[in-house]
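Overview (structure and organization)
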Amino acid sequence: MGNMLVITLVSYIGAKFHRPKIIAAGVLLMGIGTLLMASPHFIMGRYKYDTASTHTNDAGNFTVISTCSSDSQETLQQPFSGCQTEKAKSSPLWGIVVLGNTMRGIGEASIVPLGMSFIDDYARPENSAFYIGCLNTLKGIGPIFGYMLGSLCANLYVDIGLVNQESVTITPQDSRWVGAWWLGYVVSGLFTLLAAFPFWFLPKVLPENSQTSELDHPRQPHKTTSTLTEIAKDFAPTFKRLFTNKIYILYLMYSIVAFNDFAIVATYTPKYLEQQFGQSASKTNFLIGVTSIPAVALGVFLSGLMMKRFKLGLLASARVNLLTSVITMFLAVPFFALSCENLDFAGVTVPYQRSTEDQDIVSDVPPFCNADCGCPDLLWDPVCGENGVTYISPCHAGCNSTQGAGWNMTFHDCSCIQSWGMSIGNSSAVLGQCSQDPNCNRIIYIYVGLQSLAFFVYSLGIIPFFTMSLRIVDPELKSLSVGTLLFTVRVLGGIPAPIYFGALIDYTCLKWGQNKSCGRGACRIYDIETFRFLFQGLTMCLRVLACFLLWIATIEMKRKSTEQ
């Protein structure tokens with residue numbers, strides 16, 4: 001949103017002033033905003049989560065809450081005695097995160113449009129695409145470190161250093177787990193501040209290069225005159241020239257569709273991998289960081305080399321972009337078949353007892369394995385039974401006794417596990433959800449490998465696309481064309497896509513959590529099959545539409561080339 005507010009203005013006005021210093025100011029603002037996003041962690045209290053196995057007091061010590069035995073009903077019910085009469089108050093500190101992220105968006109607005117036009121103005125025509133390719137390769141390498149850092153932070157408990165780690169009874173696979181989300185912002189914010197300083201020392205203009213290429217527009221000196229009155233006077237006519245360019249409009253439409261696809265994939269791929277293959281956020285971030293991101297970086301770099309080596313013109317660049325998009329679309333087809341089955345979750349995906357098809361949390365078919373336990377619906381502390389079924393809590397599993405403490409606590413004499421034909425001696429449960437089938441771990445590596453190949457092929461068309469976005473308009477409109485493109489794809493792609501797709505994902509939820517005022521909380525379990533077809537089906541439709549628009553744009557470019 002912050003980026004959207006200023007990117008068109010920055011692209012238009014910034015191109016007429018000292019571009020490197022404007023970029024420097026933007027990067028400095030990004031660093032400040034990033035550090036600001038981490039600040040709520042140091043202001044708010046410690047994270048607290050509900051658990052049926054233990055209750056951690058302020059000193060970090062364990063207090064056993066017990067399970068289903070009649071002797072401890074009062075103890076069990078007390079922490080989860082029902083809904084709060086007053087609506088739970090949310091922390092206002094989220095506003096600081098929004099402000100910091102808005103500042104980051106405003107600061108980032110100058111980098112791409114002004115930076116790319118600065119390179120294209122002063123590089124040799126045959127080298128411009130290569131330099132832009134190098135720039136985008138470095139942009140691809142950055143997320144490798146980001147995902148690695150994210151993987152590390154997601155695996156560290158949010159209050160690391162402030163609590164006794166032995167008192168934490170949940171793992172990164174648990175839906176209640178909160179990693180050290182703030183740590184990555186501190187590290188990246190400091191590095192961003194350092195990155196701002198070199199830009200202050202770059203000159204306003206570089207020595208002009210008189211060489212031109214027959215494939216490109218002749219280079220024009222960068223205009224440094226222009227008063228604010230002249231800038232304002234030329235604003236409307238300049239936009240009219242831009243939006244009457246038919247090829248530019250076609251590529252703008254393609255960019256909107258492609259960015260919807262990109263926003264969905266970038267936002268929800270980690271969640272998709274977690275749900276489909278039963279992996280932790282830490283592992284999914286790590287896998288994406290070491291497979292997909294390097295593939296993108298390599299593809300972008302090679303696409304820049306390809307543009308330099310073969311000196312591709314506009315029409316050839318358009319054909320390369322279309323070809324890579326079509327191949328990527330076909331490489332995504334196997335994703336529909338790569339997944340695991342839903343976990344056996346009592347009362348959600350499987351019945352509490354083998355003899356019933358009832359899907360309720362408390363079975364109404366004898367022997368009422370947990371009917372007398374009084375288990376609160378607010379409770380969410382999953383345990384894995386020896387029968388391979390996951391239960392919402394030890395109470396819901398009908399467990400009557402415990403052994404051990406903390407993460408080593410086990411639950412015994414669980415009546416719901418016995419109802420599956422297990423003997424008393426084999427009716428225990430341990431904390432956490434049951435693991436996915438071992439074959440599932442192998443499938444995820446096939447998935448990320450194929451995804452990396454698809455990303456690599458698609459990335460081969462990125463530099464041809466960026467080059468076209470600069471060359472299909474008049475030279476003085478380059479910064480504005482890139483800025484307008486980025487503004488449009490954010491407004492019609494980057495902002496709405498995660499929202500509408502997030503709403504669609506909600507329909508695949510099988511079990512919702514509850515907050516303490518009995519309102520709907522976070523989703524605990526998804527129908528992964530529906531999730532898979534929704535995710536892959538929607539992104540495939542967007543890719544088909546994007547390829548169609550690219551095909552139309554290529555035909556129009558060929559027609560215009562023939563006329564000239």
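Preceding this paragraph is the structure being described.
Here is a short report on the structure shown in this document. (Residues numbered from 1 in each chain as written. Predicted model: local features only at pLDDT ≥ 70, side-chain atom pairs only at ≥ 80, totals over all residues. Heavy atoms only, no water.)

Here the focus is the nonpolar core. Among soluble globular proteins, nonpolar side chains are generally buried collectively. One finds Y251, Y254, Y447, I472, F535 and M557 to be the most contacted residues of the largest nonpolar core, which totals 78 residues. With 15 residues, the top contributor of residues to this core is helix α10 (residues 246-277). Core analysis: the next-biggest nonpolar cluster, separate from the first, contains 22 residues, V389, A397, F411 and L431 among them. (Core = buried A, V, L, I, M, F, W, Y, C linked by side-chain atoms within 4.5 Å. Buried < 20%, exposed > 50% of the residue type's maximum accessible area, 1.4 Å probe, protein only. Helix = DSSP H or I, 4+ residues; strand = E, 2+ residues; numbered from the N terminus.)

On the surface, L28, I32, F191, L194, F197, W200 and F201 cluster together to form a nonpolar patch covering roughly 770 Å² of accessible area. Secondary-structure assignment places L194 in helix α8 (residues 181-196). (Patch = residues over 30% accessible without salt bridge, like charges linked within 9 Å, V, L, I, M, F, W, Y side chains within 5 Å. Areas by Shrake-Rupley, 256 points an atom, 1.4 Å probe, with all protein chains shown as cover. Salt bridge = Lys/Arg side-chain N within 4 Å of Asp/Glu carboxyl O.)

Considering all chains together, one arrives at 5 salt bridges under this definition. Across the pair R490 and E108 runs a salt bridge, and its minimum N-O distance is 3.4 Å. With R490 in helix α16 (residues 478-494) and E108 in helix α5 (residues 94-108), the pair connects residues that are 382 residues apart, well separated along the chain. The residue R559 makes a salt bridge to E556 at a minimum N-O spacing of 2.3 Å. Taken together, the residues span about one helical turn, with R559 and E556 both in helix α18 (residues 528-563) at a distance of 3 residues. For R559, a relative accessible area of 39% translates into the label partly exposed. When its relative accessible area of 10% is taken as the criterion, E556 is described as buried.

Moving on to the state of the cysteines. A complete count under the given rule lists 4 disulfides for this structure. Paired through a disulfide, C340 and C440 show a sulfur-sulfur distance of 1.6 Å. Between C340 and C440, the S-S torsion sits near 105°, and that sign places the bridge as right-handed. You can see C340 sitting in the loop between α12 (314-331) and β3 (383-385) and its partner C440 sitting in helix α14 (residues 438-459), a full 100 residues away along the chain. The residues C340 and C440 share a single accessibility class, namely buried. Paired through a disulfide, C399 and C414 show a sulfur-sulfur distance of 2.0 Å. Between C399 and C414, the S-S torsion sits near 100°, and that sign places the bridge as right-handed. Taken together, the positions of C399 in the loop between β4 (390-391) and β5 (401-403) and C414 in the loop between β6 (410-412) and α13 (415-418) put the pair 15 residues apart, joining distant regions of the chain. The residues C399 and C414 share a single accessibility class, namely buried. (Disulfide = S-S within 2.5 Å.)

The next point concerns unusual backbone geometry. Positive phi is not limited to glycine here, since K311 has a value of about 50°. Looking at where K311 falls in the secondary structure, it is placed in the loop between α11 (281-310) and α12. In this structure, D413 is a non-glycine residue whose phi angle is positive, near 55°.

One can describe the packing of α10 onto helix α17 (residues 496-506) by two numbers: an axis separation of 9 Å at closest approach and a directional angle of 60°. In terms of orientation, α10 lies oblique with respect to α17. By crossing handedness, the relation of α10 to α17 is classed as right-handed. For the pair α10 and α17, the contacting residues are N260, A263, I264, T267 and Y268 in the first and A497, P498, Y500, F501, G502 and I505 in the second. Residues belonging to the contact of α10 with α17 are distributed by class as follows: 8 nonpolar, 3 polar and no charged. (Axes fitted to C-alpha atoms, helices over the stretch in contact; angles between N-to-C directions. Parallel < 35°, antiparallel > 145°, perpendicular 65-115°, else oblique. Left-handed = near helix turned anticlockwise from the far one by under 90°. Contact = heavy atoms within 4.5 Å. Nonpolar A, V, L, I, M, F, W, Y, C, P; charged D, E, K, R; others polar.)

What follows covers the packing of aromatic side chains. Following the criterion strictly, the structure yields 20 aromatic pairs and no others. Centroid distance Y251 to F465: 6.2 Å. Interplanar angle 45°. Geometry classified as tilted. With Y251 in helix α10 and F465 in helix α15 (residues 462-471), this residue pair connects regions lying 214 residues apart in the sequence. Here the two residues Y251 and F465 agree in accessibility, since each one is buried. Measuring from ring centre to ring centre gives 4.6 Å for F335 and Y447, while their planes differ by 35°; the resulting arrangement is tilted. Taken as a pair, F335 in the loop between α12 and β3 and Y447 in helix α14 lie far apart in primary sequence, 112 residues in all. Look at Y447 and you get buried, because its relative accessible area is 1%. Grouped by ring-pair contacts, the aromatic residues Y268, Y272, F277, F335, Y447, F501, Y526, F531 and F535 constitute a single cluster. A cation over an aromatic ring shows up here: R309 above the ring of F310, its NZ or CZ 5.4 Å from the ring centre. (Phe/Tyr/Trp six-rings, centres within 6.5 Å; stacked < 30°, edge-to-face > 60°. Lys NZ or Arg CZ within 6 Å of the ring centre and 35° of its normal.)

Glancing now at helix α1 (residues 2-14). End to end, α1 covers 17 Å across 13 residues, agreeing with the expected 18 Å (1.5 Å per residue, within 8%). By the largest-angle criterion, T8 marks the main kink of α1, which is about 25°. All of the buried residues along α1 are G2, N3, M4, I7, T8, S11, Y12 and G14. (Expected span 1.5 Å × (residues − 1). Bend = angle between axes of the 7 residues up to and from the residue.)

Our focus in this paragraph is the environment of I505. For I505, the location among the structural elements is in helix α17. Looking at I505, the relative accessible area reads 1%, which means it is buried. A C-alpha to C-alpha distance of 8.6 Å links I505 and Y526, two positions 21 residues apart in sequence. Beyond its immediate stretch of four places on either side in the chain, I505 contacts Y268, Y526, F531 and L534.

To continue, consider the sheet that holds strand β7 (residues 429-431). Across the sheet, which stays open at both edges, the 5 strands sit in the order β4-β3-β7-β6-β5 with antiparallel pairing between neighbours. Edge strands, defined here as strands with exactly one partner in the open sheet, are β4 and β5. As paired strands, β6 and β7 are joined by 2 bridges and run antiparallel to one another. Opposite T410, over in β7, you have V430 as the bridge partner. (Pairing = 2+ DSSP bridges.)

Attention shifts here to the side chain of S459. Residue position: S459 is located in helix α14. You can call S459 buried: its relative accessible area is 1%. Other than its neighbours up to four places away in sequence, S459 contacts V296, G299, V300 and S303.

Okay, the packing of α1 against α16 next. Contact geometry for α1 and α16: axes closest at 8 Å, N-to-C directions at 170°. Comparing their axes, α16 and α1 come out roughly antiparallel. Of the residues in α16, those in contact with N3, M4, I7, T8, S11 and Y12 of α1 are S479, L480, G483, L486, F487, R490 and V491.

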